[in-house]
Amino acid sequence: MEASSSGSTISSVTGGKAKTHQPEGREDLQVNQLETQIWIKPDIQKTDVDFSEILNAIQEIAKDVNIFFDELEGVNSPSKDDDSLLHHGNLTSTSDDASRLEVVGEEVPDKNKTNGLYFRDGKCRIDYILVYRKSNPQTEKREVFERNIRAEGLQMEKESSLTNSDIIFVKLHAPWEVLGKYAELMNVRMPFRRKIYYLHRRYKFMNRIEKQISRFRGWLPRKPMKLDKETLPDLEENDCYTAPFSQQRIHHFIIHNKDTFFNNATRSRIVHHILQRVKYEEGKNKIGLNRLLSNGSYEAAFPLHEGSYRSKNSIKTHGAENHRHLLYECWASWGVWYKYQPLDLVRRYFGEKIGLYFAWLGWYTGMLFPAAFIGLFVFLYGVTTLNHCQVSKEVCQATDIIMCPICDKYCPFMRLSDSCIYAKVTHLFDNGATVFFAVFMAVWATVFLEFWKRRRAVIAYDWDLIDWEEEEEEIRPQFEAKYSKKERMNPISGKPEPYQAFADKCSRLIVSASGIFFMICVVIAAVFGIVIYRVVTVSTFAAFKWALIRNNSQVATTGTAVCINFCIIMLLNVLYEKVALFLTNLEQPRTESEWENSFTLKMFLFQFVNLNSSTFYIAFFLGRFTGHPGAYLRLINRWRLEECHPSGCLIDLCMQMGIIMVLKQTWNNFMELGYPLIQNWWTRRKLRQEYGTQGKTRFPQWEKDYNLQPMNAYGLFDEYLEMILQFGFTTIFVAAFPLAPLLALLNNIIEIRLDAYKFVTQWRRPLASRAKDIGIWYGILEGIGILSVITNAFVIAVTSDFIPRLVYAYKYGPCAGQGEAGQKCMVGYVNASLSVFLVSDFENRSEPTSNGSEFSGSPLKYCRYRDYRDPPHSPVPYGYTLQFWHVLAARLAFIIVFEHLVFCIKHLISYLIPDLPKDLRDRMRREKYLIQEMMYEAELERLQKERKERKKNGKSYHNEWP
């Protein structure tokens, strides 16, 4: 559920309305406009404009532009000691000269001085905030760090908090020359030419069809899910070709206003890049802001939000106050839950990495619609055919069939008809349409991933991420500090860089893998403890005083075991998070993406095993290895293993999935939104008590943002992990619970707005960062898709009764040998699936306290149990019957056929769907051709300019070109 928007002009949302930036008396804009107007046809033909006049204008204007920027480079920021920067209750600039904006003679609006987004002069925008306490003993490290910050060219102001004089805010501003220098070093791509849109040549017949279609669409109502384009600002980045910023070729870029050329997210990213490479003490490891945050020198570091997300005026009449307000109204508000997401605006405000997360979440939510519809259809099919199900009818009418006790001593004999409700509920999920739905979901997972690759390619092109590769990524400061003595040439850049020896890397990976294996063993041990709890408490509940619990001892055992398992899951998650962090840091990954991938893989492996181990036990082991009455298999030769309910184990699997999914989702939503809401409410309550109801409005923006909750320490990890685990629940055991996609869809519709509300209103603004895709999560999704095929094959073949019913219908039922398998062919199935046991053959420790005389007035001689075994008086008592081997062979055959068929369909679909849409491929080729032509023309203009300059200066050279 997303939509992208693009425009033709740079815009910003200030003063309540979207305004287009006009040139500030600068002639370089006119050059760009003239250059742009030359390219208006698909065949790259020039217009009738006199090109020699344009080149003369370029020559004169470019000379002025170079003089202007040379003057800016000559301005140095004077540095002062830390004491001169701090003034209680006042804002003080670090430089005595005016802001760089005064070079172009702008007047400073009064609003800039009071909105808390600028320095005291109202000209220097705050790009980053550092927070520390005066009482902190790390004063010397901070002084050295801040002195080195000013040496890098950043401007600084300090101010004490209005609520606590011990808290000091350090406001940082990056001047133009610093932004230009580091933007070039970081390969920041900026717009340099407007995109050229062209239409394919259409035939007259196609034009007529398109006109008729558009006329028909005019009769239909407006699409309610689309956002109103008038409320969204035009975004320059999506309407221009971009190139890595270069100060030598600065005249090629579209610079309307140097203060808005780099948007706020890019400015804060550049400042953060500088802070991560500034030393605070002598030594190879004494570098970077992250270390100062970890040792407590600074308490917090964050970029500012762009003002308040609320406004007294309506956005429809007065426009948006800022981008944050706009995001709240058209994205984070609960009233627009049915609308598409403004992904371009999300990307501009939060960066590409967060934008890609919401793009993926929207795409996943949209793809859940067909899966939810089919799953609901399967469930409704079970509801409509419930009264016609022969198996459930026989179970409900089997008042004369007495079942053996399901536990030792205290469990009584019971009629098979007592499980009538469980048999009907089982039919809702285990019916004839279940196999079709399992195949559909396996194919759906493949289609979802393949079409997401296409969608990601379009987003990467629109957001200019096609050429962003990993070799451009920065090396982690910790890696640089650790391996600074060992260097080798980078094969891409040709520059020396720190190098980790292969032996060192392998040894660290072995230690890390050993830690992961140990923690997974801890999870398995916890599951083993849950199994012991189940086999012990089932007898306890069977002897309980309350009749409700005594009569439903197995359900009570399953429910309490799931709740205890959930508590253990939560406790182990806290423990393993610390272990995974320690092991990941021990590996010393080279880049931030490698660190994130390593940490993500560890956390996912643990949480997946932690969350699904009990589910796998119930699906594939519960009731499979219990033996039979008179010869039960026991745990540690003491506890009898738990059996399935007389109606099967599928009801236990549904309970496990439902309870874990609901509890997990409820807990996650509370921790994501409820906990920050409570924390922020408590902070606002204390401020109201101290400063009154109007106190908060007087606080500057940095104080308001500081009172918000910081983003999770691991970024988007928790958000992705929550959705990936949900994807696993939706696909891995979907054959046992067809309503899982519907529940996931309803949850995700809420999740999108909940996450948006959290990012916009409850969290400090996260640092904008770039990403080309969703990273290692895509590989995890592919792995889950493959695992889901295997697990669903086993669920259908082993857990459900689909195969035994099929074998009975074709081989042993009334229709045997006739090739039919309708409900009339299932007559007698329940009796054929139950074996007979002689009550006198019970073991002493298994013999029930009741003799069953309450059923017929005399002690029972025989009872029934679920299995395919010979009667007690046969030559081989309680041996497996021929039907057992037929069912076993059919189950194995079904698993093999199902897996091969579904995998073939998955690979065929993956082959037929190209990763790149054809129209996108054509646009990329067109863009590459146009950029080559533009670069050629730009170089030609430069050579023409140099030639005319030499002629003007009286110099001439022979053999000049052109």
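This write-up is about the structure you can find in this document. Fair warning: this is a prediction, and the values are worked out from it, not measured in the lab. (Residues numbered from 1 in each chain as written. Predicted model: local features only at pLDDT ≥ 70, side-chain atom pairs only at ≥ 80, totals over all residues. Heavy atoms only, no water.)

### Structural notes on the overall build of the protein chain
Inference 1: What the protein chain contains, in helices and strands, is 31 helices and 21 strands.
Inference 2: Here the protein chain holds 962 residues, and 52% of them are scored as buried.
Inference 3: When the accessible area of the protein chain is evaluated, it comes to approximately 45,700 Å², of which 58% is carbon and sulfur surface. (Helix = DSSP H or I, 4+ residues; strand = E, 2+ residues; numbered from the N terminus. Buried < 20%, exposed > 50% of the residue type's maximum accessible area, 1.4 Å probe, protein only. Areas by Shrake-Rupley, 256 points an atom, 1.4 Å probe, with all protein chains shown as cover.)

### Quick look at a nonpolar patch on the surface
Inference 1: A cluster of nonpolar side chains, namely Y812, Y880, L882, W885, L888 and L892, defines an oily patch on the protein surface of about 590 Å² accessible area.
Inference 2: The dominant element in the nonpolar patch, judged by the number of residues it contributes, is helix α30 (residues 882–912), at four residues.
Inference 3: Structurally, the position occupied by L888 is in helix α30.
Inference 4: Using a relative accessible area of 34% as the deciding quantity, one classes L888 as partly exposed. (Patch = residues over 30% accessible without salt bridge, like charges linked within 9 Å, V, L, I, M, F, W, Y side chains within 5 Å. Salt bridge = Lys/Arg side-chain N within 4 Å of Asp/Glu carboxyl O.)

### Some remarks on the environment of E587
Inference 1: Relative to the helices and strands, E587 resides in helix α20 (residues 553–587).
Inference 2: Take E587: its relative accessible area is 12%, and that puts it in the buried class.
Inference 3: Note: C-alpha distance between E587 and L509 (78 residues apart in sequence) is 6.2 Å.
Inference 4: Ignoring anything within four residues of it in the chain, the contact list for E587 reads Q500, R508, L509, S512, S598 and K602. (Contact = heavy atoms within 4.5 Å.)

### Description of the state of the cysteines
Inference 1: Applying the stated criterion across every chain yields a total of three disulfides.
Inference 2: The disulfide bridge from C396 ends at C420, spanning 1.8 Å between sulfur atoms. On the sign convention where negative means left-handed, the S-S torsion of about 80° between C396 and C420 marks this disulfide as right-handed. Of this pair, C396 sits in helix α14 (residues 390–397) while C420 sits in helix α15 (residues 420–429); the two residues are 24 residues apart in sequence, bridging distant segments of the chain.
Inference 3: What pairs with C404 in a disulfide is C863, and their sulfur atoms sit 1.9 Å apart. One disulfide, between C404 and C863, carries an S-S torsion of 85° and so falls in the right-handed class. In this pair, C404 is assigned in the loop between β12 (402–403) and β13 (414–415) and C863 in strand β21 (residues 862–866), connecting sequence segments 459 residues apart.
Inference 4: Classification of C863 by relative accessible area gives buried; the value is 1%.
Inference 5: C567 provides the cysteine sulfur closest to C563, a residue in no disulfide bond, and the two sulfurs are 7.2 Å apart.
Inference 6: For C563, a relative accessible area of 37% gives the class partly exposed. (Disulfide = S-S within 2.5 Å.)

### Looking at the packing of helix α24 (residues 717–731) against helix α25 (residues 740–762)
Angle between the axes and distance between the axes: these two values describe a pair of packed helices.
Inference 1: Between α24 and α25, the shortest axis-to-axis distance is 10 Å and the interhelical angle comes to 170°. If you check the angle between α24 and α25, you find them roughly antiparallel. Taking contact as the criterion, the partners of E719, E722, M723, Q726, F729 and T730 in α24 are, on α25, A740, P741, A744, N747, N748, E751, D755 and K758. (Axes fitted to C-alpha atoms, helices over the stretch in contact; angles between N-to-C directions. Parallel < 35°, antiparallel > 145°, perpendicular 65-115°, else oblique.)

### Quick notes on helix α12 (residues 343–350)
Inference 1: Most of α12 sits out of view: eight of its eight residues are buried.
Inference 2: Within the sequence span of α12, burial applies to L343, D344, L345, V346, R347, R348, Y349 and F350.
Inference 3: Looking one or two places after α12, you find G351, whose phi comes out positive at around 100°.

### Re the packing of helix α21 (residues 592–620) against helix α26 (residues 776–799)
Inference 1: Two numbers describe how α21 lies on α26: the axes approach to 13 Å, and their chain directions differ by 10°. One way to sum up the angle between α21 and α26 is to call them roughly parallel. Each of N597, T600, L601, F604, F608, F616, A619 and F620 in α21 lies in contact with α26, whose residues at this interface are I776, W777, I780, I784, L787, T791, F794, V795 and T799.
Inference 2: Residue composition of the contact of α21 with α26, grouped by class: 13 nonpolar, four polar and no charged. (Nonpolar A, V, L, I, M, F, W, Y, C, P; charged D, E, K, R; others polar.)

### Section: unusual backbone geometry
Inference 1: The phi dihedral of D464 is positive, around 60°, even though this residue is not glycine.
Inference 2: Relative to the elements of secondary structure, D464 occurs in the loop between α16 (434–462) and α17 (477–482).
Inference 3: D464 gets classed as buried once you look at its relative accessible area, which sits at 17%.
Inference 4: In this model, Q588 sits at a positive phi of 55°, which is unusual for a non-glycine residue.

### Remarks on the environment of I167
Inference 1: Mapping I167 onto the fold places it in strand β7 (residues 167–173).
Inference 2: Residue classification places I167 among the buried positions, given a relative accessible area of 5%.
Inference 3: C-alpha separation for the pair I167 and R133, spaced 34 residues apart in sequence, amounts to 4.6 Å.
Inference 4: Excluding anything up to four places from it in sequence, I167 contacts V131, Y132, R133, E159, S160, S161 and Y706.

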